[in-house]
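Residue-level structural notes
Single-letter residue listing:
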Amino acid sequence: MGEEAPEYLLDNFDEFSLLKGNQTSNIVGKKIYVVGGCEDGEDNSLSIKIFDSSTREWLIPTVLGVKPTPCKLHSAVPVNEDRILVLKSNTATDDCLWFLEVDTRFVKEQKKILGTEVVAWSKGVQGTGPKPVVISGPSGVGKGTLISKLMKEFPSTFGFSVSHTTRAPREKEVHGVHYYFTERSKMENDIREGKFLESASVHGNLYGTSIEAVEAVTDSGKRCILDIDVQGARSVRTSSLEAIFIFICPPSFEELEKRLRARGTETEEQVQKRLRNARAELDQGKSAGLFDHVLVNDDLERCCEELKKILSLDSDADPVAYPTTEDTRITDFHAVSARDKKILIHCGAEQGMPPTIYELDVSSLKGGAPGRTRGLNMHPINLPTDVLTGINMD
Ligand SMILES: Nc1ncnc2c1ncn2[C@@H]1O[C@H](COP(=O)(O)OP(=O)(O)OP(=O)(O)O)[C@@H](O)[C@H]1O
Ligand SMILES: Nc1nc2c(ncn2[C@@H]2O[C@H](COP(=O)(O)O)[C@@H](O)[C@H]2O)c(=O)[nH]1
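Under an unreviewed UniProt entry, the name given to the protein chain is Guanylate kinase protein, and the organism recorded is Dioscorea alata.

This is the structure we're talking about:
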């Protein structure tokens, strides 16, 4: 005998019994999360609505993070008290595992900031991958020069996170390559909508790293490099993006001033402002626990060698080798269950493919919104075909 249905479910039975084809509902705490085309049966988007059993109200939350593209069918299962795993069927291997965060640290913080109900999407990725690299330091110290040199030497290893800024482009700067040059009002709106991993007012302009910019580099299979100021580094440090933080110092303040002037990209007034800010940044660079490494950019070649040494020595530099999942495809016809940080996904036979059971290990999740959830390990369980076909999916 099953347990008696909770009163709040009975009261709202019509709503829940009318869940459409691509809708799922999951209980986490006192809330029921309905995922999937809520208003229209033809809507394949993974929209969210929440039933709060303590107030008996339906809530439409603010949804943060890069959202999954629409899909015809999905399933969902709570992983723990703060997130739900959403499996998109019939989609590419690297797009089938998603997490809907409902009460993670990031979601709690955003609830406080926005004063609304909040959920956040985070794409799940297998293995841990190399840590992104945050390079920070005062204006004119040579961060950009060092990064360009590194990327020229290792074009298939490193990718640059293209920031957004409200500052005007310099003569040779290209939109989408050096920066996304944007209107302040548009950028402020995007920040409010949770599209940025971090943002800061720097030398009188707004600068920020969008979640999409970091994910674009990760998607290309490269290690992401961020060139951001100290405020940005501080924000990333407290975010779920696990990165290596490197601070670049000038050999002297006089040399910094010389480089900044020699670059010839700023007016005298702007140079003065950047130099004033540099003093504070050089102090903050020494803050305990903020930077993992400090490099002095005296001689460019020497400093670049030091940087390469740090990045190759970093123990997380190599992607964790998990079993290959190239052929993973969650079929439309699948069932999912969770137990002890292990998720079992039983995919029915489809289009000449035999039935398969995948085990998804979620015991070592890292990261999360804003950004990817890493550390997943999904692999097929080898069972004899007659056993697999004998498991009835009806
Ligand atoms: N080791 C070095 N020795 C001498 N000049 C250098 C060195 N490194 C960089 N430079 C020069 O210093 C100037 C400033 O460098 P760069 O533009 O890379 O600084 P940055 O830290 O990226 O500045 P910003 O934060 O304003 O973007 C450039 O003209 C560059 O050629
Ligand atoms: N917090 C952030 N700081 C950023 C970002 N992109 C660049 N920067 C920093 O701004 C200054 C000035 O850059 P410039 O191109 O105008 O000379 C420099 O220190 C950069 O590191 C960002 O996305 N977030």
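That covers the picture; the talk isn't over yet.
For ligand 2, the set of nearby residues contains 19 residues, the closest of which are Ser 163, Arg 167, Tyr 179, Tyr 207 and Asp 227. Glu 198 is positioned such that a nitrogen or oxygen atom in its side chain is 2.7 Å from a nitrogen atom of ligand 2. Between ligand 2 and the protein, one listed contact pairs a nitrogen atom with a side-chain N or O atom of Asp 229 at 2.8 Å. Look at ligand 2: alone it shows 510 Å² of surface, and the protein chains cover 96% of it. Mapped onto the shell around ligand 2, the elements with two or more residues apiece are strand S14 (196–202) and strand S15 (205–210). Considered class by class, the residues forming the shell around ligand 2 number five nonpolar, six polar and eight charged.

Attention shifts here to the packing of aromatic side chains. Within the structure shown, the criterion is met by six aromatic pairs. With 5.8 Å between their ring centres and 65° between their planes, Tyr 179 and Tyr 207 make a pair best called edge-to-face. Here the residue Tyr 179 occupies a position in strand S13 (residues 179–181), and Tyr 207 occupies one in strand S15, the gap between them amounting to 28 residues. Looking at Tyr 179, the relative accessible area reads 18%, which means it is buried. Residue classification places Tyr 207 among the buried residues on the basis of a relative accessible area of 12%.

Turning our attention to helix H9 (residues 268–284). An α-helix turns once every 3.6 residues. As a result, residues three or four positions apart point the same way. Taking 1.5 Å of rise per residue, the 17 residues of H9 would be expected to cover 24 Å, and the 24 Å separating its terminal C-alpha atoms lies within 8% of that figure. Three or more residues of H9 are buried, namely Val 271, Arg 274, Leu 275, Ala 278, Glu 281 and Leu 282. Among the structural elements, S15, helix H7 (230–238), strand S17 (244–249) and helix H8 (253–263) are those in contact with the buried residues of H9.

The complete set of buried residues in H8 reads Phe 253, Leu 256 and Leu 260. Taken end-on, H8 shows its buried residues confined to a sector of 55°, consistent with a single buried face. Away from its buried face, by an angle of more than 90 degrees, H8 presents the exposed residues Glu 254, Lys 258 and Ala 262. Close packing links the buried residues of H8 with H9. Just downstream of H8 lies Gly 264, where phi reads positive at about 65°.

To continue, consider the site of ligand 1. Surveying the vicinity of ligand 1 reveals 14 residues, the closest of which are Ser 139, Lys 143, Gly 144, Thr 145 and Arg 263. Residue Arg 274 places a side-chain N or O atom 3.1 Å away from an oxygen atom belonging to ligand 1. Taking Asp 298, its main chain carries an N or O atom lying 3.1 Å from a nitrogen atom of ligand 1. The protein chains hide 74% of the 640 Å² of surface that ligand 1 would expose on its own. Elements supplying a minimum of two residues to the shell around ligand 1: helix H4 (143–153) and H8. For the shell around ligand 1, the leading source of residues is H4, giving three residues. By residue class, the composition of the shell around ligand 1 is three nonpolar, six polar and five charged.

Rules of the game
Residues numbered from 1 in each chain as written. Chains lettered and ligands numbered in written order. Predicted model: local features only at pLDDT ≥ 70, side-chain atom pairs only at ≥ 80, totals over all residues. Heavy atoms only, no water. Near = heavy atom within 4 Å. Polar contact = N/O pair within 3.5 Å; in protein donor to acceptor, adjacent residues only side chain to side chain. Areas by Shrake-Rupley, 256 points an atom, 1.4 Å probe, with all protein chains shown as cover. Helix = DSSP H or I, 4+ residues; strand = E, 2+ residues; numbered from the N terminus. Nonpolar A, V, L, I, M, F, W, Y, C, P; charged D, E, K, R; others polar. Phe/Tyr/Trp six-rings, centres within 6.5 Å; stacked < 30°, edge-to-face > 60°. Buried < 20%, exposed > 50% of the residue type's maximum accessible area, 1.4 Å probe, protein only. Expected span 1.5 Å × (residues − 1). Contact = heavy atoms within 4.5 Å. Arc of directions from axis to C-beta.

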